[in-house]
Amino acid sequence: MTEPSPIVEMQGISIAFPGVKALDNVDFRLFPGEVHTLMGENGAGKSTLIKALTGVYQIDSGSVLIGGQEQHIHGTAEAQSAGISTVYQEVNLCTNLTIGENVMLGHEVRGWSGVNWRATHRAATEALAKLGLGHLDTRRPLSSISLALQQLVAISRAMVTDSKVLILDEPTSSLDANEVDGLFQVMRGLRDQGVAILFVSHFLDQVYAISDRLTVLRNGKYEGEYLTRELDRTALISKMIGKDLEVLKSLGSNRQAEERDRTVTPLVKATGIGRAGSVEPTDLDLHRGEIVGFAGLLGSGRTELARLLYGADRPDSGEVEIEGKKTEIHTPVDGLDHHIAFSTENRRDEGIVGDLSVRENLILAVQAKRGWARPLSRRDQDAIVGKYMTALNVRPADPDRPVKNLSGGNQQKVLLGRWLATNPELLILDEPTRGIDVGAKAEIQQSVAELAEGGVAVVFISSELEEVVRLSERIVVLKDHRKIGEIVNGPDVTAQEVVDIIAAHGTEAALESDIIDPEGKD
Amino acid sequence: MTSTLVTGPSGAGTKSRAARLVDTAARTWRTNLAALPTLAAVVIFIAMIVYGEAAYGRILQYNTISNLLINNAHLVIIAVGMTFVILTGGIDLSVGAVIAFSSVAGLMLANAGWPAWVVIALMIGFGTAFGVASGVLIQFFNVQPFIATLAMMFLARGLASTLSTKPERLSDESPVRSLATKFKVIDGERVNDLVLTPGVLIAVLVIAVGFFVLHRTRTGRTVYAIGGSEPSAALMGLPVVRTKLWVYAISGTLAGLAAVVYTARLGIAQNITGIGWELDAIAAVVIGGTLLTGGAGYVLGAVVGALVLGLMNVLITRDGGIRPEATTIITGGILLVFVLLQRALTARKRE
């Protein structure tokens, strides 16, 4: 294949936000007539790179060449006139307007008496017809068609401006399999017309189904550009999570293979629990004293599943039994009432309250559970604060310091203490060790292990597979919003095994969950 | 939504005829859903006329209609401006106070011997200035529309009071008053004539231009898009900043114009002129079926809303038995019914 010159060439792009280097010297090329996927975990810098290209963010250093010429793009309108259109994950159209208006907004056909609606709708129909949507009635409100069709309408809108570059930022996240196929047909059609498509998706299967080329980012850094057919899934995953295959293989589990009697009634038994668009129906048992790890790439549905268990999101299918009794957990208050605690992955926004003191943050959940009309006495507060600050070794040991002044690791300990103070029977920890230093990490892992020994059921979610493997008795593997396997942990289970499961789980090969049980016991 | 999931790009096309008929009916219903509250306003307006005619008589005759139009021309004008603002999801609380300032300042200038056309231009210009100031506060200083226009309201009212706290009178010879000259369009029996003023014609022109801008220009469509979803509009590359500035400038300008029409008719202005008119305008817009959250509604709805309010006053006066104090209670009741109606409709849409 002779390569034409790239339509987009980004060289040495760096963008810094306060405290974070979002992009660090990243290169990116996009050729006409190809589908190029940007891969990386959440926070790897994919969205930042796209926003740098579309002029939403200004770049600190580096250059953007479009059609061989250096361009400085400020804002969406300029990007559009440079031939770059973007379709975002959340459909960015106006549901209060008609389909035709949405396609043509800002490009309405005008005559002597202002907008000529007949001609405008005709043009909209033509644009839609190019994507095989000519049958849509452009005078119907946008809200009357499905999200998948809205997504395609957004693409036809992009094509009205004769875009040469089409950016699709996670367009498939809310589509079902058939709808994804429809979208891919459209994408292939556009590609064959010479449009350069930049695609972002968390779904590996989709990436392999549609893309010609991949660029991998990790932690804001450029990891490499590959032809999709030359990079297998396992290699791709290890590039995304940044662990060498050999290192992954050598990491063994420190966990002893204990025989746990799983025939007793579990503390929590979820059957077919799911929520449209976030988690496919899933079965799950959680036993007292057991640490269950959720493993999977970011966006695989592990947080979403945890949120269903706690009641942060309302499940729309399945049922939950707690100690054998059928229970409805639809709100966090339901969760708390059943002694379920959920520590969020989003420490800063959903976890700690930065301006409140350590003391106030620690007692928050207990107080919420009691109701605000019955404030905790100072003595009760001191008891809780004293107990957990010592137990978790929160430093500095000053309960009246605003929590935002603590290090990330200590903030996480405060958060953990907050939930422990409610005496949970099921503790869900979503990324409790992300972004904290090694020492604090070890202390938190230690605390979690002790909790489990004390009889608490723990769900442990982490992007660090080794950590999951080290701590968990059982590992639930998730991918593409569904549970694809479950491993009973043992001395010879390695992180590599989990990676293999994720990579092996192909498109049609395994629609049903295959339970992998290395010990031969279940 | 699930019922209309019909068509992937491959097309389903295997529906029975009956199902298709149901689909068509559902579509027609849904397409016109946005217009329904406005339609309801028209129906209520007609019902009020019919009831008034039956109960008190002399409603559907030239002089009553003439008075209704002449007395409410200023309200119609600010209601049109308010429609633009509310369509973007904003609000403009300053219009009443802007009218007070513009009227008092204009009258003082006219009495000081400034030529009429300069005075009129300045009165409108004052309104534009306040509108632009609100828009700048909202767009560039990130102030909530409610707060920004509240600040402008206090400012304008305060400035009006600084100028004068006594009623300012415009001499009857002033050319400004010619805008209120009544001319007979249809000569009826005795005093039953259809009479209009240039003020009414200005209001009609404002309605026509407002309709044209909203439905026939890109700026107008951007107004609707912003009301539907401002972030989406921005991501579609529409000129959101410019359009929002425009919208507040339009509302302010029309407030200035309303001040001209009003003072021309009354020949009197005071710092307390126009108290609560912004709320009347909002009420007119809401009764006319525009969603307060923006994105749906019509200029004509606001006009009907303003006329509903005007007609209600006429009916209450005619009745004689209703205490004037009850007027505001009835206004509130009508407003509530309309908002509840909209609630029900949007809830239905969302499923």
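Residues numbered from 1 in each chain as written. Chains lettered and ligands numbered in written order. Predicted model: local features only at pLDDT ≥ 70, side-chain atom pairs only at ≥ 80, totals over all residues. Heavy atoms only, no water.

Remarks on the overall build of chain B
Secondary structure assignment for chain B yields 13 helices and four strands. For chain B, the proportion of its 351 residues judged to be buried stands at 49%. Of the accessible surface of chain B, which amounts to about 16,300 Å², a share of 67% is contributed by carbon and sulfur atoms. (Helix = DSSP H or I, 4+ residues; strand = E, 2+ residues; numbered from the N terminus. Buried < 20%, exposed > 50% of the residue type's maximum accessible area, 1.4 Å probe, protein only. Areas by Shrake-Rupley, 256 points an atom, 1.4 Å probe, with all protein chains shown as cover.)

Some remarks on the overall build of chain A
Along the backbone of chain A there are 18 helices and 22 strands. The 522 residues of chain A split such that 56% are buried. Counting only contacts in chain A whose residues sit at least 6 apart along the sequence, the fraction spanning at least 24 positions is 67%. As displayed, chain A has an accessible area near 21,700 Å², and 47% of this comes from carbon and sulfur atoms. (Contact = heavy atoms within 4.5 Å.)

Overview of the pattern of salt bridges
All names here are of chain A. On inspection of all chains with the given rule, the structure shows 23 salt bridges over all chains. One salt bridge connects Glu280 with Arg482, and the closest N-O pair in it is separated by 3.4 Å. Taken together, the residues span a long stretch of sequence, with Glu280 in strand β14 (residues 279-286) and Arg482 in strand β22 (residues 482-488) at a distance of 202 residues. On the basis of relative accessible area, Arg482 is assigned to the partly exposed category, the value being 23%. Arg474 is the partner of Glu486 in a salt bridge, and the nearest nitrogen-oxygen pair spans 2.7 Å. With Glu486 in strand β22 and Arg474 in strand β21 (residues 474-479), this residue pair connects regions lying 12 residues apart in the sequence. For the pair Glu486 and Arg474, one class covers both residues: buried. Several salt bridges converge on common partners, so that one network encompasses Arg29, Glu34, Arg213 and Glu225. (Salt bridge = Lys/Arg side-chain N within 4 Å of Asp/Glu carboxyl O.)

Considering helix α5 (residues 116-140) of chain B
One turn of an α-helix holds 3.6 residues; hence residues three or four places apart share an orientation. Residue and element names in this part refer to chain B. Between the first and last C-alpha of α5 there are 35 Å, a value that for 25 residues agrees with the 36 Å anticipated at 1.5 Å per step. Within α5, burial applies to Ala116, Val118, Val119, Met123, Gly127, Phe130, Gly131, Ser134, Gly135, Ile138 and Gln139. Buried positions along α5 lie against α4 (95-111), α6 (145-163) and α10 (240-266). Where α5 terminates, the next one or two residues include Asn142, which has phi positive at roughly 60 degrees. (Expected span 1.5 Å × (residues − 1).)

So, the interface of chain A and chain B
Each partner contributes to the interface: chain A provides 40 residues, whereas chain B provides 28 residues. Between chain A and chain B the total buried area reaches about 2,800 Å² when both faces are included, carbon and sulfur atoms providing 56% of it. Linking chain A with chain B are two salt bridges. Linking chain A with chain B are 12 residue pairs in polar contact (both at pLDDT 80 or more). At the level of elements, α2 (75-81), α3 (99-104), β8 (114-115), α5 (147-160) and α6 (177-192) of chain A are the ones that each hand at least two residues to the side of chain A that touches chain B. With four residues, α5(A) is the single largest residue contributor to the side of chain A that touches chain B. Its residues placed into classes, the side of chain A that touches chain B shows 15 nonpolar, 17 polar and eight charged. (Buried area = accessible area lost by both parts, 1.4 Å probe. Polar contact = N/O pair within 3.5 Å; in protein donor to acceptor, adjacent residues only side chain to side chain. Nonpolar A, V, L, I, M, F, W, Y, C, P; charged D, E, K, R; others polar.)

Considerations on the UniProt feature "transmembrane region" (unreviewed entry) in chain B
Within this structure's numbering, the places UniProt gives as "transmembrane region" (unreviewed entry) are residues 34-56, 68-87, 143-160, 194-214, 245-263, 298-316 and 328-345 of chain B. End C-alpha atoms of residues 245-263 of chain B are separated by 27 Å, and the span's content is 100% helix alongside 0% strand. (UniProt positions renumbered as here; feature names shortened; annotations may be inferred.)

Quick word on the packing of helix α11 (residues 277-287) of chain B against helix α12 (residues 299-319) of chain B
All names here are of chain B. Interaxial distance between α11 and α12 falls to 7 Å at its minimum, and their mutual angle equals 120 degrees. The crossing of α11 and α12 is right-handed. Residues Asp280, Ala283, Ala284, Val285 and Ile287 of α11 form the contact with α12, whose participating residues are Gly301, Ala302, Gly305, Ala306, Val308 and Leu309. When its residues are assigned to classes, the contact of α11 with α12 shows eight nonpolar, two polar and one charged. (Axes fitted to C-alpha atoms, helices over the stretch in contact; angles between N-to-C directions. Left-handed = near helix turned anticlockwise from the far one by under 90°.)

Quick word on the sheet that holds β14(A)
Residue and element names in this part refer to chain A. What the four strands build is an open sheet, ordered β14-β13-β16-β17; its pairing is antiparallel. Strand pairing shows two members of the sheet lacking a second neighbour, β14 and β17 (325-327), which therefore form its edges. Across the sheet, the mean angle from the axis of one strand to that of its neighbour is 25 degrees, orientation sign disregarded. With three bridges joining them, strand β16 (residues 317-322) and β17 adopt antiparallel strand pairing. Bridge pairing links Val320 to Thr327 in β17. Each of β13 (268-275) and β14 is contacted by helix α10 (residues 302-310), which is oriented at about 65 degrees to β14, the strand it contacts most. (Pairing = 2+ DSSP bridges.)

A few points about the sheet that holds strand β18 (residues 340-343) of chain A
All names here are of chain A. A sheet is described by the order of its strands in space; here six strands give the open sequence β18-β19-β20-β15-β21-β22, paired in mixed fashion. What marks the edges here is a single partner per strand, and that holds for β18 and β22. Neighbouring strand axes in the sheet, compared pairwise and without regard to direction, differ in orientation by 15 degrees on average. Inspection of the sheet shows β18 paired to strand β19 (residues 426-430) by four bridges, in the parallel sense. Looking across to β19, one finds that Phe342 is bridged to Ile428. Running over the sheet, α10 touches β15 (291-295), β18, β19, β20 (457-461) and β21 and is turned about 150 degrees from β18.

Quick notes on α11(B)
For α11(B), the buried fraction is high: nine of the 11 residues fall into the buried class. Those residues of α11(B) that sit buried are Trp277(B), Glu278(B), Ala281(B), Ile282(B), Ala283(B), Ala284(B), Val285(B), Val286(B) and Ile287(B).

Notes on the side chain of Asp480(A)
Residue and element names in this part refer to chain A. Examined against the element boundaries, Asp480 turns out to sit in the loop between β21 and β22. In this structure Asp480 is buried but unpaired, with Lys479 as the nearest side chain of opposite charge at 4.9 Å. Ignoring sequence-local partners within four residues, the contact set of Asp480 consists of His202, Phe203, Leu204, Asp205 and Ser300. (Lys, Arg positive; Asp, Glu negative; His and termini not counted.)

Quick word on the confidence of the model for chain A
Residues and elements named next belong to chain A. Averaged over every residue, the pLDDT of chain A is 80; the share at 70 or more is 89%. Below a pLDDT of 50 lies the segment residues 247-257, which in the model reaches 30 contacts outside its immediate sequence neighbourhood of four places, other chains included. Segment residues 507-522 is flagged for pLDDT under 50; beyond a separation of four residues in sequence, or across chains, it makes 26 contacts in the model. (pLDDT = per-residue confidence, 0-100.)

Re the pairing of strand β10 (residues 196-200) of chain A
Residues and elements named next belong to chain A. Burial analysis of β10 places five of its five residues in the buried class, the great majority of the element. Burial of the side chains of β10 extends over both faces: Ala196, Leu198 and Val200 are buried on one face and Ile197 and Phe199 on the other. Of the pairings in the sheet, the one linking strand β3 (residues 35-39) to β10 comprises four bridges and is parallel in character. Across the sheet, residue His36 finds its bridge partner in β10, namely Leu198.

A look at the environment of Leu356(A)
All names here are of chain A. Within the element layout of this structure, Leu356 appears in the loop between α12 (347-351) and α13 (358-370). C-alpha separation for the pair Leu356 and Val403, spaced 47 residues apart in sequence, amounts to 6.3 Å. Every residue in contact with Leu356, bar those within four places of it in the chain, is listed here: Asn361, Arg401, Pro402 and Val403.

Looking at the nonpolar core
Counting 130 residues, the largest nonpolar core has Val153(A), Ile155(A), Leu166(A), Met187(A), Leu190(A) and Ile78(B) as its most contacted members. In terms of residue count, the dominant contributor to this core is helix α3 (residues 62-87) of chain B (13 residues). Apart from residues no more than four positions distant in its own chain, Val153(A) is found in contact with Leu93(A), Ile99(A), Val103(A), Leu128(A), Leu133(A), Leu136(A), Leu142(A) and Ile145(A). Counting residues in each nonpolar core, the second largest holds 61 residues, with Leu284(A), Leu286(A), Leu336(A) and Val403(A) among its members. (Core = buried A, V, L, I, M, F, W, Y, C linked by side-chain atoms within 4.5 Å.)

Describing unusual backbone geometry
Although it is not a glycine, Asn25(A) adopts a positive phi angle of roughly 55 degrees. Residue placement: Asn25(A) occurs in strand β2 (residues 20-30).

Considerations on the packing of aromatic side chains
Inspection of the entire model under this criterion finds seven aromatic pairs over all chains. Taken together through their ring pairs, the aromatic side chains of Tyr310(A), Phe342(A) and Trp419(A) make up a single cluster. Above the face of the Tyr224(B) ring, Arg221(B) is positioned so that its terminal group lies 4.6 Å from the ring centre. (Phe/Tyr/Trp six-rings, centres within 6.5 Å; stacked < 30°, edge-to-face > 60°. Lys NZ or Arg CZ within 6 Å of the ring centre and 35° of its normal.)

Remarks on the pairing of β16(A)
All names here are of chain A. Two strands pair when backbone bridges link them, and β13 and β16 are joined in this way by five bridges, in the antiparallel orientation. Bridged to Lys269 within β16 is Glu321. Taking the residues that link successive antiparallel strands as the turn, the β16-β17 hairpin has two residues, and the phi of Glu323 there is positive, at about 50 degrees.

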